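Single-letter residue listing:
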Amino acid sequence: MAHPEDVIALCRRFGIEEIPDEGPVVERRDVLALARALKEELGFLFFVYCAATHYPADEKAGLPDRTLVAYRVRRLPSSNGRPTETFPFQLWVPTGESTPSLAGIWAGADWQEREQFDLVGTVFEGHPDLRRLMMPEDWPGHPLRREYAIETQHYPWR
Amino acid sequence: MAVKREEETFERPAFDVFERMPGLDVGLTTAEKLLSWGARNSLWLFPMATSCCGIEFMATAASRFDVDRIGSIARGTPRQCDVMVIAGTITVKMAPRVKRLWDQMPEPKWAIAMGSCAISGDFYRDIYSVVPGVDTFMPIDVYVPGCPPNPDHLLMGIRRLQEKIRAKMEGKWVAPEPRPDIAGLRAPSIPRVGDPDRPPELDQAQLLASMSLGLGGEERRAGAPPLPRPPAPTGQPAAPATMKQPDERAPQTGASGSSDGAKKGSSEGGADA
């Protein structure tokens, strides 16, 4: 996937040498500055999605219980012939910690991050209204985490 | 009297008036027939369309199948409708809303479960968020099977409902015997989370089962020590080779404001978002 020069220059500024298709992995402390630069300097105005995936702890590889949060933002075509450009990036969040919310930069991230909090349990720090979006308000647990079993007792008759 | 009242299961609005007036047995029968004719030929439908069965419901109401010709019109409010057509999967979050809309419909009212999701949950039956059949929380008169049913199947279901209404109003309705395998089943009444009546073992068992795979909730009793939490992560997850550490970063070029922001911790960064 070929990226334009300004995107590559911005990535170099944040220490990213290579942009894979699924997006470079950035540090959590960098993501706010990267997002602000993407929106204000390069014109990525459109927030496409935010998706979180839970990975359980891997004893062999020595990896803790963690969550991968993937973002994708888009720059729409302009009148001077600049084509549409999509930029993905992702970050790791260990369980028990939080990641900065991008809802202050892209308003479209608001409900997307609420959905990820609801289903995966990722805590977005600084989110204006971090409530459940899809599950019932009194639902215990986050259903898309790996430890949430299909045999989990639930009581649909309320 | 033409029909004994204790054998009657259907609500008869004119019954009390005609019962106290002597010599009006013939008029009573005629009025019942008239009411039955009027009720079964003006079944206004309330589409509770939550998924793809709603498309078939629209096709039924459109010109090719034209459900208007048997007197059924779809209305968007429960207060004007006689029949609730539940077309689609009902989730746990939607079920109280469906029940509330059902309670808002005026008597006499009927319900049609359209499609396998509304009847039994189908292959979403075992999912945590899906109600396994709407008849677990509200009464259903006619089941229209299919995934989704064709519009003529829904028409057939409405015709069957009309026959049922006629039989009930004429006093010929015989309630079907429950099958022996489902005769003992009953929808459990579980108080909501936060109610003082709700036993705390339910929350405990659900929380435990959601956190540890393969452990039964019966191992935890009241007074047990708090549930084990997943261990806190000890270190940073392994970063791929494309990610460099901040100290070996390429020299900063331009936009010093952004690079200052890049060195902030995540907590500070979240505060100014």
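None of the values given here were measured: they were computed from a predicted structure.

**Some thoughts on the overall build of chain A**
And then number 1: For chain A, the count of helices and strands is 3 helices and 5 strands.
And then number 2: Starting at the N terminus and walking to the C terminus, you meet the elements of chain A as α-α-β-β-β-β-α-β.
And then number 3: Out of the 158 residues belonging to chain A, those deemed buried represent 41%.
And then number 4: Within chain A, contacts between residues separated by at least 24 positions form 54% of all contacts whose residues are at least 6 apart in sequence.

**Comments concerning unusual backbone geometry**
All names here are of chain B.
And then number 1: With omega at -5°, the peptide bond leading from Glu-107 into Pro-108 counts as cis.
And then number 2: Tracing the chain through its elements places Pro-108 in the loop between helix 4 (95-104) and strand 3 (110-114).
And then number 3: Cis peptide bonds are those with omega within 30 degrees of zero, and the linkage from Cys-147 to Pro-148 qualifies with -15°.
And then number 4: Checked against the element boundaries, Pro-148 lands in the loop between strand 4 (142-144) and helix 6 (151-169).
And then number 5: A positive phi angle, close to 60°, is found at Asp-66, a residue other than glycine.
And then number 6: Along the polypeptide, Asp-66 turns up in the loop between helix 3 (53-61) and strand 2 (83-87).
And then number 7: Even without being a glycine, Asp-122 presents a positive backbone phi close to 55°.
And then number 8: Along the chain, the position of Asp-122 falls in the loop between helix 5 (116-120) and strand 4.

**A few points about the nonpolar core**
And then number 1: With 36 residues, the main nonpolar core has Val-83, Val-85, Ile-86, Ile-112, Ala-113 and Met-114 of chain B as its most contacted residues.
And then number 2: Elements represented by at least two residues in this core include exactly strand 1 (45-49), helix 3, strand 2, helix 4, strand 3, helix 5, strand 4 and helix 6 of chain B.
And then number 3: Counting 31 residues, the second largest nonpolar core, distinct from the first, contains Leu-10, Ala-35, Val-69 and Trp-106 of chain A.

**Quick word on helix 1 (residues 5-13) of chain A**
All names here are of chain A.
And then number 1: Within helix 1, burial applies to Leu-10, Cys-11 and Arg-13. Burial along helix 1 is one-sided: seen end-on, the buried residues are contained in an arc of 155°.
And then number 2: Phi turns positive one or two residues past the end of helix 1, at Gly-15, with a value near 80°.

**A short note on the sheet that holds strand 4 of chain B**
Residues and elements named next belong to chain B.
And then number 1: Strand order across the open sheet formed by 4 strands is 1-2-3-4, with parallel pairing between neighbours. Looking at the sheet topology across the chains shown, the edges are occupied by strand 1 and strand 4. Pairs of neighbouring strands in the sheet enclose a mean axial angle of 20°, with direction left out of account.
And then number 2: The sheet contact formed by strand 2 and strand 3 spans 5 bridges and is parallel. When the sheet's bridge partners are listed, Ile-86 is paired in strand 3 with Ala-113.
And then number 3: Seen against the sheet, helix 6 touches strand 2, strand 3 and strand 4 and runs at an angle of roughly 165° to strand 4.

**Considering the packing of helix 3 of chain B against helix 6 of chain B**
All names here are of chain B.
And then number 1: Packing of helix 3 against helix 6 leaves a shortest axis separation of 8 Å and a crossing angle of 75°. When the axes of helix 3 and helix 6 are compared, the pair comes out roughly perpendicular. Here Glu-56, Phe-57, Ala-59 and Thr-60 of helix 3 come into contact with helix 6, specifically with Pro-151, Leu-154 and Leu-155.
And then number 2: Here the contact of helix 3 with helix 6 is built from residues that sort into 5 nonpolar, 1 polar and 1 charged.

**A look at the pairing of strand 2 of chain B**
Residues and elements named next belong to chain B.
And then number 1: Within strand 2, 5 of the 5 residues are buried, leaving the element largely enclosed by the surrounding structure.
And then number 2: Burial along strand 2 is two-sided: Val-83, Val-85 and Ala-87 facing one way and Met-84 and Ile-86 facing the other are all buried.
And then number 3: Relative to strand 2, strand 1 runs parallel, the two sharing 5 bridges. Its bridge partner being in strand 2, Met-48 is matched across the sheet by Ile-86.
And then number 4: In terms of handedness, the path from strand 1 via helix 3 over to strand 2 forms a crossover that is left-handed.
And then number 5: Tracing the backbone out of strand 2, into helix 4 and back to the parallel element strand 3 gives a crossover that is right-handed.

**A closer look at the confidence of the model for chain B**
Residues and elements named next belong to chain B.
And then number 1: Mean pLDDT over chain B: 71, with 56% of residues reaching 70 or higher.
And then number 2: Within chain B, no element has a lower average pLDDT than helix 9 (residues 266-271), which sits at 40, and none a higher one than strand 2, at 93.
And then number 3: This model gives residues 237-273 a pLDDT under 50, and the stretch forms 58 contacts once residues within four places in sequence are excluded.
And then number 4: Confidence estimates for the predicted assembly give a pTM of 0.64 and an ipTM of 0.75.

**Observations concerning the environment of Tyr-49 of chain A**
Residue and element names in this part refer to chain A.
And then number 1: Residue position: Tyr-49 is located in strand 1 (residues 46-55).
And then number 2: Note on Tyr-49: 15 C-beta atoms within 10 Å, which makes it partly exposed.
And then number 3: Separated by 39 residues in sequence, Tyr-49 and Pro-88 have C-alpha atoms that sit 9.5 Å apart.

**A short note on the sheet that holds strand 2 (residues 66-75) of chain A**
Sheets are built from strands paired through backbone hydrogen bonds, the pairs being either parallel or antiparallel.
Residue and element names in this part refer to chain A.
And then number 1: Spatially, 3 strands are ordered 1-2-3 in an open sheet, and the strand pairing comes out antiparallel. Looking at the sheet topology across the chains shown, the edges are occupied by strand 1 and strand 3 (85-94). Across the sheet, the mean angle from the axis of one strand to that of its neighbour is 15°, orientation sign disregarded.
And then number 2: Alignment of strand 1 against strand 2, held across 9 bridges, turns out to be antiparallel. Note on strand 2: the bridge partner recorded for Phe-47 is Val-73.

How each quantity is defined
Residues numbered from 1 in each chain as written. Chains lettered and ligands numbered in written order. Predicted model: local features only at pLDDT ≥ 70, side-chain atom pairs only at ≥ 80, totals over all residues. Helix = DSSP H or I, 4+ residues; strand = E, 2+ residues; numbered from the N terminus. Buried ≥ 20, exposed ≤ 12 C-beta atoms within 10 Å, placed from the backbone. Contact = placed C-beta atoms within 7 Å. Core = buried A, V, L, I, M, F, W, Y, C linked by C-beta atoms within 7 Å. Arc of directions from axis to C-beta. Pairing = 2+ DSSP bridges. Axes fitted to C-alpha atoms, helices over the stretch in contact; angles between N-to-C directions. Parallel < 35°, antiparallel > 145°, perpendicular 65-115°, else oblique. Nonpolar A, V, L, I, M, F, W, Y, C, P; charged D, E, K, R; others polar. Right-handed = clockwise from strand over helix to strand, strands pointing away. pLDDT = per-residue confidence, 0-100.

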